[in-house]
Amino acid sequence: MSPPTNSHKRRFRSLLESEEVEYLMEAHNGLSARIVEEAGFAGIWASGLSISAALGVRDCNEASWTQTLEVVEFMRDAAPSTPILLDGDTGFGNFNNVRRLVKKLEQRDIDGVCLEDKLFPKKNSFVEGPQRLAAPEEFAGKIMAAKDTQVDPDFCVVARLEGFIAGLEMDEVLDRADRYAEAGADAILVHSKREDPGEVLAFAREWDRDCPLVIVPTTYADTPNEVFIDAGFSVVIWANHLMRASITAMQEACRFVRESGSVHGLLPRIASMSEVFRLQRAEELAAAERRYLPSVKPGEPIDSRLTGNRQSLDPADVILPD
Ligand code: SPV
Ligand code: MG
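Positions within a chain are numbered from 1, following the residues in the order the chain's sequence is written. Chain letters and ligand numbers both follow the written order, the letters beginning at A and the numbers at 1. The predicted nature of this model means local features are confined to residues of pLDDT at least 70 and side-chain atom pairs, given and counted, to a pLDDT of 80 or more, with totals for whole chains, interfaces and linings taken over all residues. Heavy atoms throughout the structure, all of them, feed into the side-chain values; hydrogens and water do not.

Enquirer: Got a minute to help me understand the site of ligand 1 in this structure?
Expert: For ligand 1, the full set of nearby residues is W45, S47, G48, L49, D87, N124, S125, F126, R160, H191, V216 and A239. Polar contacts, as used here, are pairs of N or O atoms within 3.5 Å; protein pairs need one atom able to donate a hydrogen and one able to accept it. Residues neighboring in sequence count only if both atoms are side-chain atoms. Taking W45, its side chain carries an N or O atom lying 3.0 Å from an oxygen atom of ligand 1. The protein chains hide 100% of the 280 Å² of surface that ligand 1 would expose on its own. Residues are grouped as follows: Ala, Val, Leu, Ile, Met, Phe, Trp, Tyr, Cys and Pro are nonpolar; Asp, Glu, Lys and Arg are charged; all remaining types, including Gly, are polar. Partitioned by chemical class, the residues of the shell around ligand 1 number five nonpolar, five polar and two charged. For this purpose, a residue is taken to be near a molecule or strand whenever a single non-hydrogen atom of the residue falls within 4 Å of it. Every accessible area reported is derived by Shrake-Rupley at a probe size of 1.4 Å, with residue values counting cover from the shown protein chains alone.

Enquirer: Sorry, what's going on with the packing of aromatic side chains here?
Expert: For Phe, Tyr and Trp, rings pair up if their centres lie within 6.5 Å, where Trp contributes its six-membered ring, and each pair is then called stacked (planes under 30 degrees apart), edge-to-face (over 60) or tilted (otherwise). Counted according to the given criterion, the structure contains six aromatic pairs. Plain terms: the ring middles of F164 and F203 are 6.4 Å apart, the flat faces sit at 90° to each other, and that makes the pair edge-to-face. Note that F164 is positioned in helix 7 (residues 163-166) and F203 in helix 9 (residues 198-206), a separation of 39 residues in sequence. Categorising residues by exposure relies on relative accessible area from a 1.4 Å probe, with only protein chains included: less than 20% of the type maximum marks a residue as buried, more than 50% marks it as exposed, and the intermediate range marks it as partly exposed. Here F164 falls in the buried class, since its relative accessible area comes to 8%. Between the aromatic rings of F203 and W207, the centroid separation amounts to 5.6 Å while the plane-to-plane angle is 20°, which identifies the pairing as stacked. Overall, W207 belongs to the buried group, its relative accessible area being 10%. The way it works is that DSSP assigns letters per residue, a run of H or I at least four long becomes a helix, a run of E at least two long becomes a strand, and they are numbered from the N terminus.

Enquirer: I keep staring at the nonpolar core and nothing clicks. Help me out?
Expert: Generally speaking, soluble globular proteins have nonpolar side chains that are buried together. Definition of nonpolar core: a set of buried residues of the types Ala, Val, Leu, Ile, Met, Phe, Trp, Tyr and Cys, connected through side-chain atoms within 4.5 Å. By size, the foremost hydrophobic cluster in this structure holds 55 residues, and its most contacted members are M75, L105, L115, I188, F203, W207 and F233. If you tally residues by element for this core, the top one is helix 8 (residues 170-182), at five residues. Excluding anything up to four places from it in sequence, W207 contacts L174, A177, D178, A181, I188 and L213. Counting residues in each nonpolar core, the second largest holds 16 residues, with L15, C114, C156 and L189 among its members. Contacts are assigned to residue pairs with any non-hydrogen atoms lying within 4.5 Å of each other.

What follows is the structure, given as structure tokens:
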């Protein structure tokens, strides 16, 4: 067996540093991570908002850092070839919590972490109310601590500016970015809640350091990609769109079944059971069972297989309505 490679780490660094714009798609659990990998995106954004929403909680550190780690561990296993950047919020505490976070992320083969210059517990950037920023020197210390902790040189630390979100002027935001780049950030994420890209474009014009820029066009999602390409951004993050797609799909399915009283008409509009099994790699387990459980023979009828201590079925044996 060939040794495991973690070429996704190298790839993540090169996509940050490349001249081309690259796109990361959000995922929030193992299933969505696998779907993003199959779709062929350059990388996965493990979104704090989407992971929180999928867990049924708010995006203000209601999910603990270890609960978040557990989710990204499932994501890594489900998408073994794709770079994953974790939205690490504020680092879940001070520089020391950041050090431990980086250590645990590297142990889980995650490719990078994005840290934002707010105070713990943070609030999502788009919710109403004041946003509390960290002192820039304190946040620069967190970036330095993350960089000093990482073992793999390709692990990336992205420093996220929340200055525009909190209402700072351009010169203050630029000053913060400068300090974070100086502290060793591999990239700067400049965030904005405006409905046009004016703020991030103005920032990109002013930014003269050789440190790549990342953006999250959620509120200005209608901007054509060419605008981002021309402005020289390195990475564009589609931060929450699969989570939102799944909400709509689940609400529509519930409404349909409640109103019609049956699942009949729904079946053509939802994934088949065989698609669920395919995404779970059921065939890999069936092959492993044939190899490791000597009593299981290819083509063995399903009934005899159900009588033993076996708990799984070869999906090829299961006849399901699509
Ligand atoms: C997230 O996806 O959790 C983000 C991006 O941090 S945003 O919600 O736009 O702040
Ligand atoms: Mg977030």
